[in-house]
Amino acid sequence: MSAPRAGAGASAHGRNPPPAARRRLPLPLLCLLLQGATAILFAVFVRYNHETDAALWHGGNHSNADNEFYFRYPSFQDVHTMVFVGFGFLMAFLQRYGFSSVGFTFLLAAFALQWSTLTQGFLHSFHGGHIHVGVESMINADFCAGAVLISFGAVLGKTGPAQLLLMALLEVALFGINEFVLLSLLGVKDAGGSMTIHTFGAYFGLVLSRVLYRPQLEKSKHRQGSIYHSDLFAMIGEACQGTIFLWIFWPSFNSAPTSLGDGQHRTVLNTYYSLTASTLSTFALSALVGRDGRLDMVHIQNAALAGGVVVGTASEMMLTPFGALAAGFLAGTVSTLGYKFFTPILESKFKVQDTCGVHNLHGMPGVLGALVGVLVTGLATHEAYGDGLQSVFPLIAESQRTATSQAMFQLFGLFVTLTLASVGGGVGGCLLKLPFLDAPPDSQCYEDRVYWEVPGEHEDEAQGPLKEEELDTQA
Amino acid sequence: MSAPRAGAGASAHGRNPPPAARRRLPLPLLCLLLQGATAILFAVFVRYNHETDAALWHGGNHSNADNEFYFRYPSFQDVHTMVFVGFGFLMAFLQRYGFSSVGFTFLLAAFALQWSTLTQGFLHSFHGGHIHVGVESMINADFCAGAVLISFGAVLGKTGPAQLLLMALLEVALFGINEFVLLSLLGVKDAGGSMTIHTFGAYFGLVLSRVLYRPQLEKSKHRQGSIYHSDLFAMIGEACQGTIFLWIFWPSFNSAPTSLGDGQHRTVLNTYYSLTASTLSTFALSALVGRDGRLDMVHIQNAALAGGVVVGTASEMMLTPFGALAAGFLAGTVSTLGYKFFTPILESKFKVQDTCGVHNLHGMPGVLGALVGVLVTGLATHEAYGDGLQSVFPLIAESQRTATSQAMFQLFGLFVTLTLASVGGGVGGCLLKLPFLDAPPDSQCYEDRVYWEVPGEHEDEAQGPLKEEELDTQA
Amino acid sequence: MSAPRAGAGASAHGRNPPPAARRRLPLPLLCLLLQGATAILFAVFVRYNHETDAALWHGGNHSNADNEFYFRYPSFQDVHTMVFVGFGFLMAFLQRYGFSSVGFTFLLAAFALQWSTLTQGFLHSFHGGHIHVGVESMINADFCAGAVLISFGAVLGKTGPAQLLLMALLEVALFGINEFVLLSLLGVKDAGGSMTIHTFGAYFGLVLSRVLYRPQLEKSKHRQGSIYHSDLFAMIGEACQGTIFLWIFWPSFNSAPTSLGDGQHRTVLNTYYSLTASTLSTFALSALVGRDGRLDMVHIQNAALAGGVVVGTASEMMLTPFGALAAGFLAGTVSTLGYKFFTPILESKFKVQDTCGVHNLHGMPGVLGALVGVLVTGLATHEAYGDGLQSVFPLIAESQRTATSQAMFQLFGLFVTLTLASVGGGVGGCLLKLPFLDAPPDSQCYEDRVYWEVPGEHEDEAQGPLKEEELDTQA
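Small disclaimer: the values here were computed from a predicted structure and weren't measured.

1. Things to note about the pairing of strand S3 (residues 130-133) of chain A
All names here are of chain A.
Part 1: Burial along S3 is one-sided: the residues Ile131 and Val133 are buried and none of His130 and His132 is.
Part 2: Of the strand pairs in this sheet, strand S1 (residues 46-48) and S3 are connected by three bridges, and their pairing is parallel. When the sheet's bridge partners are listed, Arg47 is paired in S3 with His132.
Part 3: Pairing between strand S2 (residues 126-127) and S3: two bridges, direction antiparallel. If you follow Phe126 over to S3, its bridge partner there is Ile131.
Part 4: Between S2 and S3, which pair antiparallel one after the other, the connecting turn spans two residues, and Gly128 there sits at a positive phi close to 65°.

2. Regarding the packing of aromatic side chains
Part 1: Enumeration over the complete set of coordinates arrives at 78 aromatic pairs over all chains.
Part 2: For the ring pair Tyr272 of chain B and Tyr273 of chain B, a centre distance of 5.3 Å and an interplane angle of 75° mean the geometry is edge-to-face.
Part 3: We classify Tyr272 of chain B as buried; its relative accessible area is 2%.
Part 4: An aromatic cluster of at least three residues, connected via ring pairs, comprises Phe42, Phe69, Tyr70, Tyr73 and Phe76 of chain A together with Phe71, Tyr272 and Tyr273 of chain C.
Part 5: The side chain of Arg401 of chain A reaches across the aromatic face of Phe409 of chain A, ending 3.5 Å from its centre.

3. Some details on the interface of chain C and chain A
Part 1: Counting residues at the interface gives 67 residues for chain C and 76 residues for chain A.
Part 2: Here chain C meets chain A over a buried area of about 6,200 Å², counting both sides, of which 72% is carbon and sulfur.
Part 3: When the buried surface of chain C facing chain A is broken down by residue, His265, Leu280 and Arg294 of chain C rank first, second and third, together holding 12% of it.
Part 4: Counting across the chain C and chain A interface gives one salt bridge.
Part 5: The interface formed by chain C and chain A contains 23 residue pairs in polar contact (both at pLDDT 80 or more).
Part 6: Those elements giving two or more residues to the side of chain C that touches chain A turn out to be helix H5 (69-90), helix H11 (232-255), helix H12 (262-289), helix H13 (297-303), helix H15 (321-348) and helix H17 (382-385) of chain C.
Part 7: At 17 residues, the largest contribution of residues to the side of chain C that touches chain A is made by H12 of chain C.

4. A look at the interface of chain B and chain A
Part 1: Listed per partner, the contact involves 76 residues of chain B and 67 residues of chain A.
Part 2: Taken together, both faces of the contact between chain B and chain A bury some 6,200 Å²; the carbon and sulfur share is 72%.
Part 3: On the chain B side of the contact with chain A, Tyr48, Phe106 and Glu453 of chain B bury the most area, a combined 12% of that side's loss.
Part 4: Summed over the shared surface of chain B and chain A, the result is one salt bridge.
Part 5: Note that Glu453 of chain B is salt-bridged to Arg291 of chain A, the shortest N-O span being 3.5 Å.
Part 6: Where chain B meets chain A, there are 23 residue pairs in polar contact (both at pLDDT 80 or more).
Part 7: Of the residues forming the side of chain B that touches chain A, the biggest block, twelve residues, is contributed by helix H6 (residues 98-124) of chain B.
Part 8: Among the residues making up the side of chain B that touches chain A, the classes are represented as 44 nonpolar, 22 polar and ten charged.

5. Digging into empty space enclosed by the protein
Part 1: What the largest cavity holds in volume is close to 230 Å³.
Part 2: Along its surface, the largest cavity is lined by 20 residues, and Asp78 and Phe249 of chain A, Gln77 and Asp78 of chain B together with Asp78 of chain C are the ones closest to its centre.
Part 3: Elements with a minimum of two residues in the lining of the largest cavity: helix H5 (69-90) and helix H11 (232-255) of chain A, helix H5 (69-90) and helix H11 (232-255) of chain B together with H5 and H11 of chain C.
Part 4: Residue composition of the lining of the largest cavity, grouped by class: eleven nonpolar, six polar and three charged.

Reading the values: the criteria
Residues numbered from 1 in each chain as written. Chains lettered and ligands numbered in written order. Predicted model: local features only at pLDDT ≥ 70, side-chain atom pairs only at ≥ 80, totals over all residues. Heavy atoms only, no water. Buried < 20%, exposed > 50% of the residue type's maximum accessible area, 1.4 Å probe, protein only. Helix = DSSP H or I, 4+ residues; strand = E, 2+ residues; numbered from the N terminus. Pairing = 2+ DSSP bridges. Phe/Tyr/Trp six-rings, centres within 6.5 Å; stacked < 30°, edge-to-face > 60°. Lys NZ or Arg CZ within 6 Å of the ring centre and 35° of its normal. Contact = heavy atoms within 4.5 Å. Buried area = accessible area lost by both parts, 1.4 Å probe. Salt bridge = Lys/Arg side-chain N within 4 Å of Asp/Glu carboxyl O. Polar contact = N/O pair within 3.5 Å; in protein donor to acceptor, adjacent residues only side chain to side chain. Nonpolar A, V, L, I, M, F, W, Y, C, P; charged D, E, K, R; others polar. 1 Å grid on protein atoms, 1.4 Å probe; cavity = no way out; pocket = protein on both sides within 12 Å on 5 of 7 lines; lining within 4 Å. Points joined across faces, edges and corners; volume = space filled by probe spheres on them.

Right, dumping it as structure tokens:
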């Protein structure tokens with residue numbers, strides 16, 4: 001594995017360190033600036049909530065078991081694992097971009113957790129001049145970080161860390177606004193985030209990737225391609241692991257914010273069954289469309305997860321176990337066919353370079369999930385939900401809406417999400433073109449060594465001259 | 001790592017795509033057929049249980065904390081992680097079979113989860129014309145998937161995915177029947193599945209492997225051997241990870257279905273101590289029998305886990321912490337010696353090609369665990385269990401059985417398990433020989449590229465002619 | 001990856017197996033001796049506690065939900081995962097020492113869990129002639145194993161397994177004594193173990209490493225260096241994984257032993273925010289001090305975790321979310337600068353060869369965490385804690401101490417910890433020099449094949465003669 005890296009390891013810093021050094025200042029400055037700003041905002045606004053504060057909690061008359069922490073924390077830990085292990089490693093499939101995939105995931109998520117605590121806090125739990133935080137804040141922050149990482153997947157390899165931090169700054173704010181409009185203003189249900197997380201994150205990233213379109217990257221496409229297809233390790237070792245951790249913890253993801261009791265229980269069950277069906281349909285379709293009927297690991301690693309996305313909205317509803325299987329089967333099918341047939345068109349016709357195929361895993365299944373939510377909402381009856389209607393559809397239970405009108409609101413929520421994501425991604429793309437953010441030149445895309453001290457590099461420098469092709473864009 | 005793969009990457013499809021394509025149809029057809037069938041059965045029979053259904057749950061008068069979900073879900077998630085991360089990666093030690101090891105684990109487990117929901121549902125929770133599912137269904141389904149993956153370990157590399165799906169179809173049904181006979185008809189205790197999971201899965205797989213014996217595989221034995229011993233990465237990277245996730249979550253595995261309160265607590269503690277002892281005895285024995293006293297990573301990766309298997313039956317009983325240490329120590333010893341001395345005999349004398357050594361990790365420790373259960377059951381007294389006797393041994397508490405007769409029933413349960421597993425494995429082996437299931441020829445065993453698009457292959461085709469040795473069995 | 005290993009794979013056993021065999025006896029003998037001794041002590045002293053024993057639990061009048069198991073077990077499982085997956089893989093960065101890093105972690109931790117159950121049991125829960133064990137015993141044992149693994153990090157590659165077991169024997173005992181002095185005698189608060197785990201483990205290991213100083217290892221320093229920097233896989237694949245599992249589960253680590261209700265909730269929240277801040281400051285500082293402003297993965301993998309260490313003492317207190325960010329930011333900064341500037345001095349001036357840089361991740365952040373604890377304790381008021389003061393600072397709540405005197409006790413606790421760790425490490429270092437423990441010669445440091453059957457070795461022997469440089473120290 002060190003061989004190909006070693007062969008291409010030489011870099012330009014030996015000749016022109018000053019520009020390189022100057023080029024790298026944006027990242028530390030932006031980190032310190034953003035951390036300083038959030039720290040000040042935390043000092044002014046953020047306080048423990050009544051379950052977390054020593055005085056407030058003991059002032060009440062609670063049993064320890066009443067603390068919502070104990071119902072939410074196991075799910076939260078699974079969500080946290082998904083965000084960092086799952087998304088991080090799922091993107092670690094590019095052979096020479098592993099440090100960046102995992103490292104920038106880490107950086108983006110850490111910043112998003114702080115920043116979305118503030119943005120979501122202002123929108124959802126601001127009272128008495130303060131944001132009050134507890135286990136729900138952590139779940140919501142991790143959800144928001146998930147959306148940012150989905151967008152990261154669309155621009156993976158073509159953006160520097162300073163650009164990515166700015167993207168996160170914008171996206172976290174818009175994520176909070178979109179969620180607030182859907183959940184609080186429109187009364188839309190979307191516990192597992194088919195709309196607010198997957199659809200939003202995917203289309204924000206795809207439009208952003210469209211704005212940052214690099215026509216010359218076509219030429220190095222074969223490099224991405226060969227990278228993609230030349231390394232067993234990266235795919236099976238890390239990316240498979242990402243897939244499996246996402247797969248096993250997705251029931252916790254969808255159920256983390258749902259109502260306690262039957263709500264969480266049902267959500268878990270629906271997601272579990274949906275994932276088994278998307279796995280089977282992915283294997284079936286991958287073999288059907290594969291060369292000589294052979295399976296493609298990229299399909300398995302991604303499309304098998306579409307079952308989790310597609311029930312993000314409906315899994316807390318009375319979807320029925322059969323409904324979960326059907327939705328999962330559909331999602332696996334659509335996602336696999338997307339990888340096979342639509343991704344090439346997306347780049348050639350729509351000029352969207354979707355590095356990780358987020359359109360197939362999050363975009364289409366997210367929209368599909370919103371539509372499944374519309375359908376299941378429209379079918380909701382007092383009979384099927386009983387007294388549980390209050391916790392799933394409070395506005396229907398209180399007769400403020402009919403099932404049909406609630407379904408229309410759900411559909412409108414999808415429309416709002418697509419609009420905000422597209423506008424946001426467009427604005428974000430323009431922002432990221434600002435010159436001081438130092439986008440990597442085409443020749444340095446998908447390369448760790450632009451941003452990282454990479455093993456084997458020192459030896460390379462000693463061994464041979466720099467390659468011209470790697471210098472021309474640095475001059 | 002790409003080097004050896006690249007060197008052997010050429011395949012035959014360039015010359016005879018039609019037969020190759022035809023050969024690959026069984027998998028998608030079987031996937032779609034099985035998924036269609038389970039979906040229909042789900043639609044007709046499967047319903048949410050009273051803790052999962054919105055109307056039923058809210059119809060009762062519960063606090064949310066009463067939902068069994070909250071007591072079982074953290075354990076379930078650990079079990080789920082063990083099945084997918086643990087078993088999947090523990091099998092990923094064959095250098096050129098990594099895609100298949102992880103991928104087919106995924107496929108088999110996903111199907112087994114659906115199918116065992118049905119089979120176990122019909123046997124255990126069928127009333128009012130419906131199967132009622134909740135968190136216990138998921139735990140039981142994952143346990144069943146575990147047994148299927150144990151059997152997969154015995155035939156790893158020598159069976160195609162269509163064969164494996166058929167194996168799962170049969171094994172899941174028999175697993176349910178065996179469990180029903182033991183737990184419901186015979187009143188046997190086996191929470192952690194020393195008998196129902198480990199013994200059953202191991203001997204089903206071993207007998208099946210015996211029926212599928214490939215004498216010519218001996219010749220390519222050195223290939224398996226060299227594969228086995230040529231790659232640091234696969235062993236330490238993925239397989240070690242499988243080991244560690246199995247090790248840390250085994251206490252949850254054994255305790256997941258036990259009675260709430262002291263039952264789960266005690267089971268966890270016993271399993272935890274048993275595993276520490278099997279780890280120490282594995283290190284001691286591996287060094288003692290090793291060449292020049294050196295340790296063998298294969299022993300550590302497998303035998304260290306035998307402590308979890310051996311207390312599968314007894315860990316919910318009053319085994320005592322010392323008893324747990326003693327059982328674990330014994331299991332680690334037996335398992336390590338099995339790898340060193342018995343596995344070679346198993347193949348040469350008994351014609352059983354046990355790829356992963358499941359006889360050492362699941363077979364012998366499973367039988368040993370059943371016997372430990374017989375012993376601890378026979379020693380049960382009203383004094384030691386107090387009022388807790390009702391939840392561990394209800395039939396003894398209700399004076400329907402003496403401790404000795406319960407112990408005899410435990411022993412009979414082991415006999416039933418071994419019989420059903422052997423007969424099932426024999427029948428399964430005959431089924432898997434059906435020609436349309438397309439078993440891989442000897443020369444393509446332990447090779448991913450028969451079933452998967454493998455990185456580096458395209459370049460190979462361009463670079464050189466096909467190797468004759470790889471073509472001869474395809475003609 | 002097999003290439004460099006294969007090139008250096010020849011070993012001496014072909015010529016002088018008897019001495020090699022003799023050299024390997026200490027490990028099995030020590031394993032069996034220690035396991036036998038702990039088993040006897042378990043038989044005599046260890047019993048289930050009232051929540052784990054069938055008779056005792058059912059004798060009381062409890063709801064199952066009252067069993068502390070359900071509040072502690074999810075956190076425990078995260079701690080268990082951190083100890084085995086986190087510490088184990090974080091140390092797996094040496095290319096030719098991966099088997100040993102992961103394997104010896106496993107061995108040491110398994111022994112430490114048993115032995116610390118006894119030592120901590122005697123000190124903390126010994127009554128009626130017995131040690132009573134339950135979920136708290138497992139948490140405490142895992143904490144102790146964590147300290148042992150931190151010390152292991154300081155001597156990684158330079159000590160054999162028999163030496164390490166002896167180190168664990170001593171360190172576990174001293175860990176128990178130090179913890180007893182701090183928590184029980186001095187009434188110091190240290191839930192997450194900034195002092196008892198991180199400071200103690202780090203300085204015990206560093207002093208021990210000082211006593212075992214190998215001046216000739218300097219020469220092979222470049223080997224360690226080149227090993228360190230020559231392999232992408234080890235770093236990103238395994239070590240990154242160690243980092244991420246530590247990062248996501250650290251909130252559970254710090255909160256596992258705190259008081260139920262608001263205590264655990266607050267601890268989780270503080271640790272979560274502290275880690276986000278240490279991640280951002282690590283990225284900023286790593287780029288600032290890096291060559292050409294590039295990031296160093298070693299900093300990210302380690303310093304990003306310092307935020308968990310630094311709030312080990314204070315996270316259960318009313319640190320405030322801002323305080324958590326500030327502490328985390330400081331810890332990431334100090335730790336990154338330590339790797340860059342202090343580690344080289346530590347070896348050249350202080351003759352401490354700190355293989356994993358535990359001084360930067362556990363030593364300095366641990367001391368810093370103790371000081372943060374002193375500060376936050378000194379600021380404690382009845383107003384801020386309300387009735388919760390009783391559970392965080394019982395001695396202040398009962399007016400036995402003022403906040404200032406409690407803060408002085410905290411400071412004294414740090415002094416006691418540093419003293420005991422240093423004396424213990426010194427004594428331990430002398431013990432480990434005993435000849436029959438068979439320390440590896442300088443030329444075999446950082447080499448798996450001394451202790452393990454290593455893939456590729458057999459072929460090497462057939463292919464070529466032994467290298468002289470590898471034989472000279474074995475003669």
